[in-house]
Amino acid sequence: MQGESSNVVVAVRIKPIDPQELADGARFCLRVDHKKKSIVVYGTYADERSFTFDYCFSSSGEPGSENYASQSDIYEALGKRLLQHAWNGFNCSVFAYGQTGSGKTYTMMGEDKCGVSDVIFESGSSSLRGDFDGAATGAGLIPRFCRSLFSQIIKAEESVGQG
């Protein structure tokens with residue numbers, strides 16, 4: 001896994017401009033360089049500046065386009081790594097930082113903010129026996145992590161019961 005030898009991993013996600021921002025005349029002042037894992041900030045009042053991260057995600061394009069980062073992409077890159085380390089007994093944490101309206105809650109929790117209305121939970125814990133990737137929902141990093149954790153617990157309990 002990328003960043004495997006590091007204790008701290010830093011990721012950045014670029015959100016699309018929302019309709020109100022467009023109405024106010026906002027425009028993009030940055031671009032993502034996926035090969036260099038960097039964000040390039042540009043504008044009329046400053047020179048270009050580049051900032052490098054362990055992961056750079058852009059959700060500013062059209063969903064399904066080549067460089068569009070979906071909720072699933074975020075989980076695959078960050079959440080699975082956290083789950084693996086937590087399962088191996090390490091303390092793990094994840095936090096989101098940014099200004100109001102920058103997409104922190106959406107990335108961490110998803111479209112419905114807490115994921116409790118998703119079908120996978122409404123049908124009972126037996127539905128957790130299979131792997132859940134949340135692909136059919138807008139679930140964020142935290143609901144996907146929790147679902148995967150409980151799924152892994154159930155699988156471990158079943159294997160102990162059979163062994």
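Scroll up to find the structure this text is about.
Predicted model only: the values in this text are computed from it and were never measured. (Residues numbered from 1 in each chain as written. Predicted model: local features only at pLDDT ≥ 70, side-chain atom pairs only at ≥ 80, totals over all residues. Heavy atoms only, no water.)

K.L.:
Would you mind going over the layout of surface pockets with me for this structure?
P.N.:
The rolling of a water-molecule-sized probe over the atoms marks out the regions of remaining empty space. Within this model, the largest pocket holds a volume of roughly 1700 Å³. Among the secondary structure elements, those contributing two or more residues to the lining of the largest pocket are strand 1 (11–14), strand 3 (38–41), helix 2 (71–87) and helix 3 (104–109). The greatest single-element share of the lining of the largest pocket, amounting to five residues, is contributed by helix 2. (1 Å grid on protein atoms, 1.4 Å probe; cavity = no way out; pocket = protein on both sides within 12 Å on 5 of 7 lines; lining within 4 Å. Points joined across faces, edges and corners; volume = space filled by probe spheres on them. Helix = DSSP H or I, 4+ residues; strand = E, 2+ residues; numbered from the N terminus.)

K.L.:
Sorry, what's going on with helix 5 (residues 141–162) here?
P.N.:
Structural remark: α-helix, 3.6 residues per turn; residues separated by three or four positions point the same way. The end-to-end C-alpha separation of helix 5 is 32 Å, in line with the 32 Å expected for 22 residues at 1.5 Å each. Within the span of helix 5, buried status applies to L141, P143, R144, F145, R147, S148, S151 and I154. (Expected span 1.5 Å × (residues − 1). Buried < 20%, exposed > 50% of the residue type's maximum accessible area, 1.4 Å probe, protein only.)

K.L.:
I keep staring at the environment of T52 and nothing clicks. Help me out?
P.N.:
Counting through the fold element by element, T52 comes out in strand 4 (residues 49–52). Along the sequence, T52 and S38 sit 14 residues apart, while their C-alpha atoms lie 4.1 Å from each other. Residues within four places of T52 in sequence aside, it is in contact with K36, K37 and S38. (Contact = heavy atoms within 4.5 Å.)

K.L.:
It is not clear to me how the packing of helix 2 against helix 5 should be interpreted in this structure. Could you clarify?
P.N.:
The packing of two helices is summarised by the inter-axis angle and the distance between the axes. Between helix 2 and helix 5, the shortest axis-to-axis distance is 9 Å and the interhelical angle comes to 45°. Considering the angle they form, helix 2 stands oblique to helix 5. Both helix 2 and helix 5 take part in a crossing whose hand is right-handed. The segment helix 2 lies against helix 5, with Q71, S72, I74, Y75, G79, L82, L83, A86 and W87 engaging L141, R144, F145, S148, L149, Q152, I153 and A156. (Axes fitted to C-alpha atoms, helices over the stretch in contact; angles between N-to-C directions. Parallel < 35°, antiparallel > 145°, perpendicular 65-115°, else oblique. Left-handed = near helix turned anticlockwise from the far one by under 90°.)

K.L.:
What's the story with the pairing of strand 2 (residues 30–33) in this structure? I'm lost.
P.N.:
Side chains on a regular strand alternate between the two faces of the sheet. Examined bridge by bridge, strand 2 and strand 3 share four bridges and lie antiparallel to one another. Across the sheet, residue V32 finds its bridge partner in strand 3, namely I39. Turn length for the strand 2-strand 3 hairpin, with the two strands adjacent in sequence and antiparallel, is four residues, and the turn residue K37 shows positive phi of about 55°. (Pairing = 2+ DSSP bridges.)

K.L.:
Looking at this structure, how should I read the pattern of salt bridges?
P.N.:
Enumeration according to the criterion identifies four salt bridges in this entry. Here E21 makes a salt bridge to K15, at a shortest N to O gap of 3.2 Å. For E21, a relative accessible area of 28% gives the class partly exposed. K15 gets classed as partly exposed once you look at its relative accessible area, which sits at 23%. E76 serves as the salt-bridge partner of K80, at 3.1 Å between the closest nitrogen and oxygen. Within this pair, K80 and its partner E76 are both found in helix 2, separated by four residues, close to a single helical turn. Exposure remark for K80: the relative accessible area of 39% places this residue in the partly exposed category. One network of salt bridges, in which partners are shared, links K15, D18 and E21. (Salt bridge = Lys/Arg side-chain N within 4 Å of Asp/Glu carboxyl O.)

K.L.:
Just checking my understanding: could you explain the environment of D18 for this structure?
P.N.:
Along the chain, the position of D18 falls in the loop between strand 1 and helix 1 (19–23). For D18, a relative accessible area of 30% puts it in the partly exposed group. It is 9.6 Å that separates the C-alpha atoms of D18 and G101, two residues lying 83 residues apart in sequence. Of the polar contacts made by the side chain of D18, one reaches the backbone nitrogen of Q20; its length is 3.1 Å. (Polar contact = N/O pair within 3.5 Å; in protein donor to acceptor, adjacent residues only side chain to side chain.)

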